[in-house]
Amino acid sequence: RFLSAPRVLAAMALYVKAAAVLGQLEAKRGSVKALVFNSGHKNIKQLYALVCETLRYTSVLEDIISMTDLLKKEKKLQMNVAKVLVYDLLFGKGLKCGGSWKTLIMKHRSQLKSTLARLKVKRKVCRNEDLIESKLSAAKDYQLPRYVRVNLLKTNMEDVIDYFKREDYLYLGQATDADHLKNLGSKQFVSDPHLPELLVFHPKIDLHENVLYTAGHIILQDKASCLPAHLLNPPVGSHVIDACAAPGNKTSHLAAILGNKGKLFAFDLDTKRLATMGTLLLRAGVTCHEMANQDFLLVDASDSKYQGVKYILLDPSCSGSGIVNRLNHFTDDEDSSSTQRLQALAAFQHKALSHALSFPSVERVIYSTCSVHREENEDVVEKILQQFGNYFRLVNLMPSWPCRGLDTFPEGPRCLRASPSDTLTNGFFVAMLEKQNGQNELEQNRESFSEERVPLPGSDLAPVKTLEGKPAACTPAPRTKKVKRKKVQS
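Conventions and cut-offs
- Residues numbered from 1 in each chain as written.
- Predicted model: local features only at pLDDT ≥ 70, side-chain atom pairs only at ≥ 80, totals over all residues.
- Heavy atoms only, no water.
- Helix = DSSP H or I, 4+ residues; strand = E, 2+ residues; numbered from the N terminus.
- Buried < 20%, exposed > 50% of the residue type's maximum accessible area, 1.4 Å probe, protein only.
- Areas by Shrake-Rupley, 256 points an atom, 1.4 Å probe, with all protein chains shown as cover.
- Phe/Tyr/Trp six-rings, centres within 6.5 Å; stacked < 30°, edge-to-face > 60°.
- Pairing = 2+ DSSP bridges.
- Axes fitted to C-alpha atoms, helices over the stretch in contact; angles between N-to-C directions.
- Core = buried A, V, L, I, M, F, W, Y, C linked by side-chain atoms within 4.5 Å.
- Contact = heavy atoms within 4.5 Å.
- Polar contact = N/O pair within 3.5 Å; in protein donor to acceptor, adjacent residues only side chain to side chain.
- Salt bridge = Lys/Arg side-chain N within 4 Å of Asp/Glu carboxyl O.
- Right-handed = clockwise from strand over helix to strand, strands pointing away.
- Parallel < 35°, antiparallel > 145°, perpendicular 65-115°, else oblique.
- Left-handed = near helix turned anticlockwise from the far one by under 90°.
- Nonpolar A, V, L, I, M, F, W, Y, C, P; charged D, E, K, R; others polar.

(A) Structural view of the overall build of the protein chain. The helix and strand inventory of the protein chain stands at 19 helices and 15 strands. Looking at the protein chain as a whole, 52% of its 490 residues are labelled buried. Element-wise, carbon and sulfur atoms account for 50% of the exposed surface of the protein chain, whose accessible area totals about 22800 Å².

Next up, the structure:
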């Protein structure tokens, strides 16, 4: 079959963009997601998939290209272009482009395939996947569950559970410990033991094409990422700020908690990310929001339109060192977590948190990161308390949560940490600051609610290494009495 001219050009453009992203990664000009997103390619999802898969097989591809002398035989062919072409030929769905590139690669098809076969024999593996030598060998031991947040703006838990039952999934009821989350079968799912609107599936379940996802009835979001909005818990009708909002999952979660009532101000400095967030919020049925392409640090806290803002969620830019499935490990080195870089990030985070606390009516601020570094987490909060401690206090979040903040300062364990080993999530940090104007009724309700939930045991899991190869330290939670809960009948 022959591809039409427009399809040939589109396919060649895909390979050009993918090769360009690989080159930028080698030059350390950004993260995988950022470079793909800013590439200008029409099909971001397709480009991201090709780049990610090429990166996964990069060492294998380099070996095959070297063993076949491909670049010596085809002197006009550059390494990164060769990588994406050879990947699609040997590991992907076949070359998508026609023209000179396809002709060039197809000349060497037999040799490339025979070299791949010899490589598998030499390494004593049967599957292509077994050739991959990941730098994330420790993280690979942790296949995080597939977390599905039910979007209460469009549906409810019962209807979603019934839908998956009709799709031949077996509902096992309310999970009570980590084993229920670790040992799910491919067609089994449970309700999360901590978050009431969260369902948990087998790690390899892909729901991106599922009708509930495309219609915005469910949101695919890591459990740890659901904690900030869940803990902020603004009352229906409140005025809320999501300070660094894109890509919008936490924003849509806040809107669901608000019941689409009140006002949700969402800020982000990146125009393209904000546009993507607009699409996500539209699909999720969010209507109470007001987006602004603006740096949160430049938002005037004294502006009358924000006088009613009592709740702020701040999830600022961070190192991203807690993300288990992050692909930036192919470009990370010791400098990526250097003291200088972490200090620069921490300075920005402190400035953003200070600004959030400057809003005149604010009563509660959530500060969260997907970082495992103390510099971006406990150190920022400790410095803030030194500055604002007479006006705000650190709330003791979910006492039953198994992974606490580091005790680098007295109030540190009041914060939450999350990690693959302890909570079966990405690495995460959450702190909540509350204005000291009397005991807050909502906080009492929140802590009471969390105490009713059964903690996830972490002691039976092996320790995990972060992407930087450092242990993700957590302070164990104090033992709490388990409360028996009836399982939902399937």
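(B) Structural detail: the packing of aromatic side chains. Tallied over the full model, the rule gives 17 aromatic pairs. The interplanar angle of 45° and the centroid separation of 5.9 Å between the aromatic rings of tyrosine 57 and tyrosine 87 together place this pair among those described as tilted. Of the two residues, tyrosine 57 is situated in the loop between helix H3 (44-56) and helix H4 (58-67) and tyrosine 87 in helix H6 (residues 79-90); the sequence distance between them amounts to 30 residues. Relative accessible area serves as the criterion here: at 8%, tyrosine 87 is assigned to the buried category.

(C) Region of interest: the sheet that holds strand E1 (residues 146-150). Spatial strand order, E2-E3-E4-E1-E5: five strands in an open sheet with mixed pairing. Taken across any chain shown, the strands that pair with only one partner, and hence form the sheet edges, are strand E2 (170-174) and strand E5 (218-220). The average angle at which neighbouring strand axes cross in this sheet is 30°, direction not considered. Note that E2 and strand E3 (residues 188-191) share three bridges and pair parallel. When the sheet's bridge partners are listed, glutamine 174 is paired in E3 with serine 191.

(D) Region of the structure containing the nonpolar core. Counting residues in hydrophobic clusters, the biggest one holds 48 residues, and the most contacted among them are Leu231 and Val430. Apart from the residues within four sequence positions on either side, valine 430 is in contact with Leu227, Leu231, Ile366, Tyr367, Ser368, Leu397, Cys415 and Leu416. Listed in part, the 41 residues of the second largest apolar core include Leu14, Leu22, Leu47 and Ile64.

(E) Focus on the environment of asparagine 38. Position of asparagine 38 among the secondary structure elements: in the loop between helix H2 (32-37) and H3. Put simply, asparagine 38 and arginine 273 are 235 residues apart on the chain and 9.4 Å apart in space, counted from C-alpha to C-alpha. When residues no more than four places from it in sequence are discounted, the contact partners of asparagine 38 are Asp270 and Lys272.

(F) Geometry of the side chain of histidine 194. Considering the arrangement of structural elements, one finds histidine 194 in the loop between E3 and strand E4 (198-201). Judged by relative accessible area, which is 0%, histidine 194 ranks as buried. At 3.1 Å, the side chain of histidine 194 forms a polar contact with the side chain of lysine 223.

(G) Summary view of the pattern of salt bridges. Under the definition given, this model contains 15 salt bridges. As a salt-bridge pair, lysine 107 and glutamate 74 come within 3.1 Å of each other at their nearest N and O atoms. In this pair, lysine 107 is assigned in the loop between helix H7 (99-106) and helix H8 (109-122) and glutamate 74 in the loop between helix H5 (70-73) and H6, connecting sequence segments 33 residues apart. Judged by relative accessible area, which is 12%, glutamate 74 ranks as buried. Salt bridges sharing partners connect three or more residues here, namely Lys263, Glu290 and Lys305.

(H) Structural detail: the pairing of strand E6 (residues 239-242). Relative to strand E7 (residues 263-267), E6 runs parallel, the two sharing four bridges. For valine 240, the partnering residue across the bridge sits in E7 and is leucine 264. Where the polypeptide runs from E6 across helix H14 (residues 249-258) and back to E7, its parallel neighbour, the crossover connection is right-handed.

(I) Representation of the packing of helix H13 (residues 223-232) against H14 in the model. Orientation of H13 relative to H14, taken along the N-to-C sense of each, is 30°, at an axis distance of 9 Å. As summarised for this structure, H13 and H14 are arranged roughly parallel, according to the angle between their axes. Both H13 and H14 take part in a crossing whose hand is right-handed. Where H13 approaches H14, its residues Ser225, Cys226, Pro228, Ala229, His230 and Leu232 are matched on the opposing element by Lys250, His253, Leu254 and Ile257. Grouping the constituent residues of the contact of H13 with H14 by class yields six nonpolar, three polar and one charged.

(J) A look at the environment of phenylalanine 91. Following the sequence through the fold, phenylalanine 91 ends up in the loop between H6 and H7. Considering only alpha carbons, one finds phenylalanine 91 and tyrosine 57, 34 residues apart in sequence, at a separation of 8.7 Å. For phenylalanine 91, the contacting residues outside a window of four places in its chain are Tyr57, Val60, Leu61, Ile64, Val86, Leu116 and Asn128.

(K) Just the packing of H6 against H8, in detail. Across the interface, H6 lies against H8 with an axial gap of 11 Å and an inter-helix angle of 75°. Relative to H8, the element H6 is oriented roughly perpendicular. Contacts between H6 and H8 pair Val86, Leu89 and Leu90 from the former with Arg109, Leu112, Lys113 and Leu116 from the latter. A per-class count over the contact of H6 with H8 returns five nonpolar, no polar and two charged.

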